[in-house]
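Listed here are the chains, written in short residue letters.
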Amino acid sequence: QKEVEQNSGPLSVPEGAIASLNCTYSDRGSQSFFWYRQYSGKSPELIMFIYSNGDKEDGRFTAQLNKASQYVSLLIRDSQPSDSATYLCAVEDIDSGAGSYQLTFGKGTKLSVIP
Amino acid sequence: KAGVTQTPRYLIKTRGQQVTLSCSPISGHRSVSWYQQTPGQGLQFLFEYFSETQRNKGNFPGRFSGRQFSNSRSEMNVSTLELGDSALYLCASKNWIVNTEAFFGQGTRLTVV
């Protein structure tokens, strides 16, 4: 069974600091990786996706992928109290035969940004 | 552009009853997937539908079923409800014409008492 592992946290960082969230996955053949943010009582909101090794930056967010190490990370620069949420790492698996896909999620890391 | 719409937002049911949840995907998206989120298990894949066909199913008992209509709207049904079915049920919409990411609806919070 494919697995996605994240530290559950809570991860506490002071406002303005860099928050670093990590994720490892078990299936070496996985190709697509997503970070979702989920506020308490709300649904997951996509914030980043990455397909290629290396870094991908979008505003204050940087996703990093290392397929050899089966490792994905999310950096949040200049963390704000509004970034306080649970961050979910998701790995997409595509069944090319059936033409279907599914996301396997980690259990999420709870981030708390302290003013 | 409207997002993914799930109805109802909240439901309270009694053990043994059945329930039907509805999901309308983003316009033009033909893939609809369902996920169950619980505090203990996190987000778990239930099934995926595309063009009215179930293409993939997660490891859930047969009490969980679904269908998709010609307009891509999808329904999920849970029969003989158990206390453990209490969860947030999320629907995700994806555009396979352009292989984009999946977007989630607001979810349906089901409480079984």
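Shown above is the structure to which this text applies.
Now for a description of the structure that goes with this document. Predicted, not measured: the structure shown is a model, and the values here were computed from it. (Residues numbered from 1 in each chain as written. Chains lettered and ligands numbered in written order. Predicted model: local features only at pLDDT ≥ 70, side-chain atom pairs only at ≥ 80, totals over all residues. Heavy atoms only, no water.)

Quick word on the overall build of chain A
Line of reasoning, step 1. Within chain A one finds zero helices and 11 strands.
Line of reasoning, step 2. Helices and strands appear in chain A in the N-to-C order β-β-β-β-β-β-β-β-β-β-β.
Line of reasoning, step 3. A globule of 115 residues ought to have a C-alpha radius of gyration of about 13 Å, and chain A, at 14 Å, matches this closely.
Line of reasoning, step 4. On the principal axes, the C-alpha backbone points of chain A span a range of 50 × 30 × 20 Å.
Line of reasoning, step 5. Across the 115 residues in chain A, those meeting the buried criterion constitute 44%. (Helix = DSSP H or I, 4+ residues; strand = E, 2+ residues; numbered from the N terminus. Rg over C-alpha atoms; globule rule 2.2 N^0.38 Å. Buried < 20%, exposed > 50% of the residue type's maximum accessible area, 1.4 Å probe, protein only.)

Quick look at the overall build of chain B
Line of reasoning, step 1. Counting secondary structure elements, chain B contains zero helices and 11 strands.
Line of reasoning, step 2. Each helix and strand of chain B, placed in order from N terminus to C terminus, yields the pattern β-β-β-β-β-β-β-β-β-β-β.
Line of reasoning, step 3. On C-alpha atoms alone, chain B measures out to a radius of gyration of 13 Å, which is about the 13 Å that the 2.2 N^0.38 rule sets for 113 residues.
Line of reasoning, step 4. For chain B, the spread of C-alpha atoms along the principal axes amounts to about 40 × 25 × 25 Å.
Line of reasoning, step 5. Within chain B, the proportion of its 113 residues that are buried is 51%.

As for the side chain of A:Thr62
Residues and elements named next belong to chain A.
Line of reasoning, step 1. Secondary-structure assignment places Thr 62 in strand E7 (residues 61-66).
Line of reasoning, step 2. A polar contact is formed between the side chain of Thr 62 and the side chain of Arg 77, at a distance of 2.6 Å.
Line of reasoning, step 3. Among all residues touching Thr 62, those that are not within four sequence positions of it are Met 48, Asp 55, Lys 56, Glu 57, Ser 73, Leu 74, Leu 75 and Arg 77. (Polar contact = N/O pair within 3.5 Å; in protein donor to acceptor, adjacent residues only side chain to side chain. Contact = heavy atoms within 4.5 Å.)

Side note on the nonpolar core
Line of reasoning, step 1. With 23 residues, the main nonpolar core has A:Trp35, A:Val72, A:Leu74, A:Ile76 and A:Tyr87 as its most contacted residues.
Line of reasoning, step 2. When contributions to this core are tallied by element, the ones reaching two or more residues are strand E3 (19-25), strand E4 (32-38), strand E5 (45-50), E7, strand E8 (71-76), strand E9 (85-95) and strand E11 (109-114) of chain A.
Line of reasoning, step 3. When neighbours within four sequence positions are excluded, A:Leu74 is seen to be in contact with A:Ala19, A:Ser20, A:Leu21, A:Trp35, A:Ile47, A:Met48, A:Phe61, A:Thr62, A:Ala63 and A:Tyr87.
Line of reasoning, step 4. B:Leu11, B:Val19, B:Val32 and B:Tyr89 belong to the second-largest nonpolar core, a separate cluster that totals 21 residues. (Core = buried A, V, L, I, M, F, W, Y, C linked by side-chain atoms within 4.5 Å.)

Let's talk about the state of the cysteines
Line of reasoning, step 1. A complete count under the given rule lists two disulfides over all chains for this structure.
Line of reasoning, step 2. With a sulfur-sulfur separation of 2.0 Å, A:Cys23 is cross-linked through a disulfide to A:Cys89. Residues A:Cys23 and A:Cys89 are joined through a disulfide that is left-handed, its torsion about the S-S bond being -70°. Placement of A:Cys23 in strand E3 and of A:Cys89 in strand E9 is noted, with a sequence separation of 66 residues between them. Of the two residues examined, A:Cys23 and A:Cys89, each falls in the buried class.
Line of reasoning, step 3. The residue that forms a disulfide with B:Cys23 is B:Cys91, at a sulfur-sulfur distance of 1.7 Å. Taking the sign of the S-S torsion, -50° for the link of B:Cys23 and B:Cys91, the bridge is left-handed. (Disulfide = S-S within 2.5 Å.)

What to know about the interface of chain B and chain A
Line of reasoning, step 1. With 23 residues of chain B at the interface, the matching set in chain A holds 20 residues.
Line of reasoning, step 2. Here chain B packs against chain A, burying approximately 1800 Å² in sum over the two surfaces, 53% of which is carbon and sulfur.
Line of reasoning, step 3. At the junction of chain B with chain A, the criterion picks out one salt bridge.
Line of reasoning, step 4. We note a salt bridge from A:Glu92 to B:Lys94, for which the minimum N-O separation is 2.9 Å. (Buried area = accessible area lost by both parts, 1.4 Å probe. Salt bridge = Lys/Arg side-chain N within 4 Å of Asp/Glu carboxyl O.)

Section: the sheet that holds strand E8 (residues 74-78) of chain B
All names here are of chain B.
Line of reasoning, step 1. Spatially, four strands are ordered E1-E3-E8-E7 in an open sheet, and the strand pairing comes out antiparallel. At either end of the open sheet lies a strand with only one pairing partner, and these are strand E1 (5-7) and strand E7 (64-68). Put simply, the sheet's adjacent strands are angled 20° from each other on average, direction ignored.
Line of reasoning, step 2. Sheet analysis places E7 next to E8, joined by five bridges and oriented antiparallel. Its bridge partner lying in E8, Gly 66 is registered against Met 76. (Pairing = 2+ DSSP bridges. Axes fitted to C-alpha atoms, helices over the stretch in contact; angles between N-to-C directions.)

Some words on the packing of aromatic side chains
Line of reasoning, step 1. Tallied over the full model, the rule gives 12 aromatic pairs over all chains.
Line of reasoning, step 2. Plain terms: the ring middles of A:Phe34 and A:Tyr51 are 6.3 Å apart, the flat faces sit at 75° to each other, and that makes the pair edge-to-face. With a gap of 17 residues between them, A:Phe34 in strand E4 and A:Tyr51 in the loop between E5 and strand E6 (54-58) connect regions that are remote in the sequence.
Line of reasoning, step 3. Arranged with centres 5.2 Å apart and planes meeting at 65°, the rings of B:Phe60 and B:Phe64 form a pair that is edge-to-face.
Line of reasoning, step 4. Residue B:Phe60 is classed as buried on the basis of its relative accessible area of 15%. (Phe/Tyr/Trp six-rings, centres within 6.5 Å; stacked < 30°, edge-to-face > 60°.)

Scope: geometric values only; no functional claims are made or implied.
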